[in-house]
Amino acid sequence: MYEKKHLAAVMLSMLLVLSLLLGGCGNQDTVAGAGYQVTDDQGTVVNFKEKPKRIVSLTMSTDNILLGLVKPDRVVCANVLVDDPVSSNIVELGKDIPNKVRHPKVEEILAMEPDLVIAANWGDIDYVESLRNMGINVVVVKGAKNLQEIRDNISLIAASVGEPERGTRLIGMMDDRLAEIKAKVDKIPQEQRKRVLLISLMSNYGGKDCIYDDACTLAGVTNCLSEYGLQRGDKLTKEMMVQMDPDIIFLPTYNAHGTFDIQGFRDKYMKDPALQQMKAIQAGSIKEPRDAYIYTASQDFCFAVQEIAYTVYGDEFRLEDQQHLSAVE
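Note that the structure is a prediction, hence the values are computed from the model and not measured.

Student: Whenever I open this one, the overall build of the protein chain confuses me. Can you help?
Tutor: Scanning the protein chain from terminus to terminus reveals 14 helices and 11 strands. Looking at the protein chain residue by residue over its 329 residues, the buried ones come to 49%. Within the protein chain, contacts between residues separated by at least 24 positions form 62% of all contacts whose residues are at least 6 apart in sequence. Summing over all exposed atoms, the protein chain offers an accessible surface of approximately 16,400 Å²; the carbon and sulfur share of this is 52%.

Student: How should I be thinking about the sheet that holds strand β5 (residues 99-101) in this particular structure?
Tutor: What links the strands of a sheet is backbone hydrogen bonding, and the strands pair in either a parallel or an antiparallel sense. Here 5 strands make up an open sheet; going across it, the order is β5-β4-β3-β6-β7 and the pairing parallel. A single partner strand is all that each edge strand has here, and the edge strands are β5 and β7 (138-141). Here the strands of the sheet are splayed against their neighbours by 15 degrees on average, with no regard to which way each runs. Of the pairings in the sheet, the one linking strand β6 (residues 116-120) to β7 comprises 4 bridges and is parallel in character. Note on β7: the bridge partner recorded for A119 is V140. Packing of helix α6 (residues 147-160) onto the sheet brings it into contact with β6 and β7, and relative to β7 it is tilted by some 170 degrees.

Student: Help me understand the environment of A292 in this model?
Tutor: Its location among the elements puts A292 in helix α13 (residues 291-294). A relative accessible area of 9% means that A292 is categorised as buried. Not counting residues within four places of it along the chain, the set of residues in contact with A292 comprises V86, S87, S88 and N89.

Student: Can you walk me through the pairing of strand β1 (residues 36-39) in this structure?
Tutor: Side-chain positions along a regular strand alternate between the two faces of the sheet. Here β1 shows a clear split, with Y36 and V38 buried on one side and none of Q37 and T39 buried on the other. Pairing geometry for β1 and strand β2 (residues 45-48), over 4 bridges, is antiparallel. Across the sheet, T39 pairs through a bridge with V45, a residue of β2. Linkage of β1 to β2, two consecutive antiparallel strands, is achieved through a turn of 5 residues, within which G43 is found at a positive phi near 85 degrees.

Student: What is the right way to look at the pattern of salt bridges in this model?
Tutor: Oppositely charged side chains can form a pair if their charged atoms are brought close together. For the structure shown, the criterion picks out 22 salt bridges. The partner of R166 in a salt bridge is E163, with the nearest N and O atoms 3.6 Å apart. Salt-bridge contacts for E320 lead to R318; the nearest nitrogen and oxygen are separated by 3.2 Å. E320 gets classed as partly exposed once you look at its relative accessible area, which sits at 44%. Classification of R318 as partly exposed rests on a relative accessible area of 48%.

Student: Whenever I open this one, the packing of aromatic side chains confuses me. Can you help?
Tutor: When we look at a pair of aromatic rings, we describe it by the centre distance and by the angle of the planes. For the coordinates displayed, the defined rule picks out 6 aromatic pairs. Plain terms: the ring middles of Y205 and Y212 are 6.0 Å apart, the flat faces sit at 45 degrees to each other, and that makes the pair tilted. Residue Y205 is classed as buried on the basis of its relative accessible area, which comes to 11%. In textbook terms, an aromatic cluster arises when at least three aromatic residues are bridged by ring pairs, as seen for Y205, Y212 and Y295. Over the ring of Y269 we find K238, and its NZ or CZ is 5.5 Å from the ring centre.

Here is what the cut-offs are and how they apply
Per chain, residue numbering runs from 1 following the sequence as it is written. Restriction of local features to residues with pLDDT of at least 70 applies here, the model being predicted, together with a cutoff of 80 or more for giving and counting side-chain atom pairs; totals for whole chains, interfaces and linings are based on all residues. Just so you know, side-chain values use all the structure's heavy atoms and leave hydrogens and water out. Under the scheme used here, helices are H or I runs from DSSP no shorter than 4 residues and strands are E runs no shorter than 2 residues, and both carry numbers assigned from the N terminus. Residue exposure (1.4 Å probe, protein chains only): buried if accessible area is under 20% of the type maximum, exposed if over 50%, otherwise partly exposed. Between two residues, a contact is recorded if the distance between any of their heavy atoms is within 4.5 Å. Using a 1.4 Å probe, the Shrake-Rupley method yields the accessible areas, and only the shown protein chains count as cover for residues. Two strands pair if DSSP finds at least two bridges between them. Structural elements are reduced to axes, namely lines fitted to C-alpha atoms, with helices fitted over the stretch in contact, and the angle between N-to-C directions of any two is expressed from 0 to 180 degrees. We define a salt bridge as a side-chain nitrogen of Lys or Arg found within 4 Å of a carboxyl oxygen belonging to Asp or Glu. Any two rings among Phe, Tyr and Trp, with Trp reduced to its six-membered ring, count as a pair given centres within 6.5 Å; such a pair is stacked if its planes are under 30 degrees apart, edge-to-face if over 60, and tilted if neither. When the NZ atom of lysine or the CZ atom of arginine is within 6 Å of a ring's centre and also within 35 degrees of its normal, the charge is said to sit over that ring.

Structure (structure tokens):
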């Protein structure tokens, strides 16, 4: 009798220990059929009863990450440019999303009946607290400024949608592609490497502390904005451009579904008499890398690196349109 009781006690103790071990495997792991929780960039703990099926994403970068983790039928809203072939590299996926928005009001988001809203931590995000007060799960991610923050966002979004394994796989795919590009870049002699100046529609893009700066470094080019000491948000003046005197100038291609006069914007620079002394203009070294790639802060950052290298160094880095990394089977 004693032996039976002792055996039962031992088995019970083992079960208790096992349950504690399984229960302590991290707060961003998903167990099939069970609830889970994540902690977002603001430190807010968000609880999920099940994997979300009506997801709202409000920025192009979160759209890209999300659509590398889930099928479009789980996404009810994306950024207004998600199906714009100039600004997006996921046009076909974007066509299947029923709502596209720019700066939606709280009422518009509520009308979509989301079970998850993914928001970036930049700009006016007062709506986040309003949505949370109404019982909507909101996960805030970083406005990624470097490669590690992209990895962080992929992991957080993957955990939020209940697909952490896909997040791990997606990061691996990005890192593998970056390694392939690096192997080619390493073969470019230092004396053949170029200095590049990006002219952007966004004043907060391109300088130090910006994901584009990382992309330039990995592509084997010198980012003149960073070299000059400009930070994110610093205004680029024409006097600075003359002093930088880059080998190559990058011009934007954004046109907002054909509603923005991008040629007029570019002419303000390229036809300015004060800039004609610049060697890039004199040599005709004016390039138009695809905005869909060089402005991304998602797993497709690897294509931003490749696009810069392709634009500057040629076919060794050739990149087709609409390339996108996805861990969705």
